[in-house]
Amino acid sequence: MKIKEGVIPTTLGTIVTAGALVARARDGRAMKRKDMVPMVETAIIGFGLAHIVLGAIDLIQDR
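What counts and what doesn't
Residues numbered from 1 in each chain as written. Predicted model: local features only at pLDDT ≥ 70, side-chain atom pairs only at ≥ 80, totals over all residues. Heavy atoms only, no water. Helix = DSSP H or I, 4+ residues; strand = E, 2+ residues; numbered from the N terminus. Buried < 20%, exposed > 50% of the residue type's maximum accessible area, 1.4 Å probe, protein only. Contact = heavy atoms within 4.5 Å. Areas by Shrake-Rupley, 256 points an atom, 1.4 Å probe, with all protein chains shown as cover. Patch = residues over 30% accessible without salt bridge, like charges linked within 9 Å, V, L, I, M, F, W, Y side chains within 5 Å. Salt bridge = Lys/Arg side-chain N within 4 Å of Asp/Glu carboxyl O.

Student: Please set out the overall build of the protein residue by residue, giving values where relevant.
Tutor: Check the secondary structure of the protein and you find 2 helices and 0 strands. Taking all 63 residues of the protein together, 21% fall into the buried category. Considering only residue pairs separated by 6 or more positions, the protein has 72% of its internal contacts joining residues 24 or more positions apart. Carbon and sulfur atoms make up 68% of the accessible area of the protein, which amounts to about 5000 Å² in all.

What follows is the structure in structure tokens.
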């Protein structure tokens, strides 16, 4: 069974983004300037979204 190119990055991005969003929703605090946790969570969300976009581009180009 062959996996299409782009499925793995898209899946990874979806999982990472969902995990970061859940962690951020559980936090519930307002973002403070010196608080690093929300910035790290935002970076993880961006990382996940980048994988989703890159994986989707690979999926579209394979058609």
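Student: Lay out the environment of Pro-38 in plain terms, naming residues and giving numbers.
Tutor: Tracing the chain through its elements places Pro-38 in helix α2 (residues 36-61). Accessibility expressed as a relative area gives 6% for Pro-38, which makes it buried. The spacing of Pro-38 and Ala-23 is 15 residues in sequence and 9.5 Å in space, taken between C-alpha atoms.

Student: Describe the side chain of Thr-10, and please don't skip the residues or the numbers.
Tutor: Mapped onto the elements of the fold, Thr-10 is located in helix α1 (residues 7-27). Apart from the residues lying within four places of it in its own chain, the contact partners of Thr-10 are His-51, Ile-52, Gly-55, Ala-56 and Leu-59.

Student: Before we move on, can you summarise a nonpolar patch on the surface with the specific residues and values?
Tutor: The grouping of Val-53, Leu-54 and Ile-57 at the surface amounts to a nonpolar patch, some 260 Å² of accessible area in total. Secondary-structure assignment places Ile-57 in helix α2. For Ile-57, a relative accessible area of 38% corresponds to the partly exposed category.

Note that every value here comes from positions in space, so none of it alone points to a role or purpose.
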